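Summary of structural features
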Amino acid sequence: MAKVNPGAFIRQVRQEASKVTWPTRKETLITTGMVFVMVFLASMFFFLVDTGIQFAIKTFMTLGS
C-alpha cells in the first residue's frame, strides 16, 4: 500500500467529494416519504401474519381441552 502524506490525502478526498451528486430537496423528501410508506406496509403485513399465527396456535391449543 502506497504511503500518502496528509496534505495529498486531503486533496484527494476533496477531489472525490466534488464528484458526488447530491440529491435535491424534492428527491430527498420523496425518498423519505417512500421509506415511511414501506415501513408502514411492512409493519401491517407482519402484524397481520403475527395475528394469524397467534389465532392458529390458540385454536390448535384449545382442541385438546
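So, a few notes on the structure that sits alongside this text. (Residues numbered from 1 in each chain as written. Predicted model: local features only at pLDDT ≥ 70, side-chain atom pairs only at ≥ 80, totals over all residues. Heavy atoms only, no water.)

**Considerations on the overall build of the protein chain**
Across its full length, the protein chain carries two helices and zero strands. Taking 11 Å as the expected radius of gyration for a compact globule of 65 residues, we find that the protein chain reaches 26 Å, considerably beyond that expectation. Oriented by its inertia axes, the alpha-carbon framework of the protein chain measures out at about 75 × 35 × 10 Å. By residue count, 2% of the 65 residues in the protein chain fall in the buried class. Here the protein chain has roughly 6,500 Å² of accessible surface; of this, 73% comes from carbon and sulfur atoms. (Helix = DSSP H or I, 4+ residues; strand = E, 2+ residues; numbered from the N terminus. Rg over C-alpha atoms; globule rule 2.2 N^0.38 Å. Buried < 20%, exposed > 50% of the residue type's maximum accessible area, 1.4 Å probe, protein only. Areas by Shrake-Rupley, 256 points an atom, 1.4 Å probe, with all protein chains shown as cover.)

**Side note on a nonpolar patch on the surface**
Residues Phe45, Phe46, Val49, Ile53, Ile57, Phe60, Met61 and Leu63 make up a contiguous nonpolar surface patch of about 900 Å² in total accessible area. By the secondary structure assignment, valine 49 is in helix α2 (residues 25-62). Valine 49 sits in the partly exposed class, given a relative accessible area of 33%. (Patch = residues over 30% accessible without salt bridge, like charges linked within 9 Å, V, L, I, M, F, W, Y side chains within 5 Å. Salt bridge = Lys/Arg side-chain N within 4 Å of Asp/Glu carboxyl O.)

**Focus on the pattern of salt bridges**
Pairs can form between side chains of opposite charge once their charged atoms are near each other. Evaluated as defined, the whole model comprises one salt bridge. Note that lysine 19 is salt-bridged to glutamate 16, the shortest N-O span being 3.2 Å. For lysine 19, a relative accessible area of 54% translates into the label exposed. Residue glutamate 16 is classed as partly exposed on the basis of its relative accessible area, which comes to 47%.

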